[in-house]
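Given next are the chains, with one letter for each unit.
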Amino acid sequence: MTTHAAAGFAGTWHLLPEQCDYQLGRPPRRGLYQLDCAADGALSIASEWLGKNGKRHRAAFDGRVDGTPYPYHSTPHADALSFESVSPTQLHSTTWHDGREVQWSERELVDPDTLVIRMRGHLSDGRCYTNVGVYRRQDS
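Structural notes, computed from the coordinates. (Residues numbered from 1 in each chain as written. Predicted model: local features only at pLDDT ≥ 70, side-chain atom pairs only at ≥ 80, totals over all residues. Heavy atoms only, no water.)

1. Observations regarding the overall build of the protein
Within the protein, the secondary structure is distributed over zero helices and eleven strands. Along its sequence from the N terminus, the protein presents helices and strands in the succession β-β-β-β-β-β-β-β-β-β-β. Its C-alpha atoms give the protein a radius of gyration of 15 Å, near enough to 14 Å, the size a compact globule of 140 residues would have. Based on the C-alpha atoms only, the size of the protein along its principal axes is roughly 40 × 35 × 25 Å. A total of 140 residues make up the protein; the buried ones form 40% of that total. Expressed as a percentage of contacts within the protein between residues at least 6 apart in sequence, the contacts between residues at least 24 apart total 32%. In the form shown here, the protein has an accessible surface area of approximately 8200 Å², with 49% of it arising from carbon and sulfur atoms. (Helix = DSSP H or I, 4+ residues; strand = E, 2+ residues; numbered from the N terminus. Rg over C-alpha atoms; globule rule 2.2 N^0.38 Å. Buried < 20%, exposed > 50% of the residue type's maximum accessible area, 1.4 Å probe, protein only. Contact = heavy atoms within 4.5 Å. Areas by Shrake-Rupley, 256 points an atom, 1.4 Å probe, with all protein chains shown as cover.)

Listed below in structure tokens is the structure:
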């Protein structure tokens, strides 16, 4: 195992839909979240989920856990992404568009096998929302 600042988050996580709390949209039927940390400080995250409507979605992004915004080109809604290790149990990320923060994610290790992700953002009318996903670590 690496000594990366976010090493405790590494692994494969399964969404527990019945424990989710979404203010925007509906929680997925199921989801998978993969987080990998390299010894050099690189972090990569891939997720896939099945929406309530049966549509499959995927997202992947990577960066360094140093708080610096790095270019991000996977969506027209964001052009930069930063990661910050707040503590061994807190990993935050911020998504930027045209120099403005548009979305924040707070990942918290509640215990070694439970990950809670709080995603906050702004709607076009300025209102804020928070979606909370709860995940269980896949056995190795």
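2. Things to note about the pairing of strand E7 (residues 80-87)
Of the pairings in the sheet, the one linking strand E6 (residues 70-71) to E7 comprises two bridges and is antiparallel in character. From the neighbouring strand, Pro71 faces E7, where its bridge partner is Ala80. One ladder, built from seven bridges, connects E7 with strand E8 (residues 90-97); its direction is antiparallel. Bridge assignment links Ala80 to a residue of E8, and that residue is Trp96. (Pairing = 2+ DSSP bridges.)

3. Considerations on the side chain of Asn131
Among the secondary structure elements, Asn131 is positioned in strand E11 (residues 128-137). Only 2.9 Å separates the side chain of Asn131 from the backbone nitrogen of Gln23, close enough to count as a polar contact. Excluding residues within four positions of it along the chain, Asn131 makes contact with Asp21, Tyr22, Gln23, Leu24, Ile117, Arg118 and Met119. (Polar contact = N/O pair within 3.5 Å; in protein donor to acceptor, adjacent residues only side chain to side chain.)

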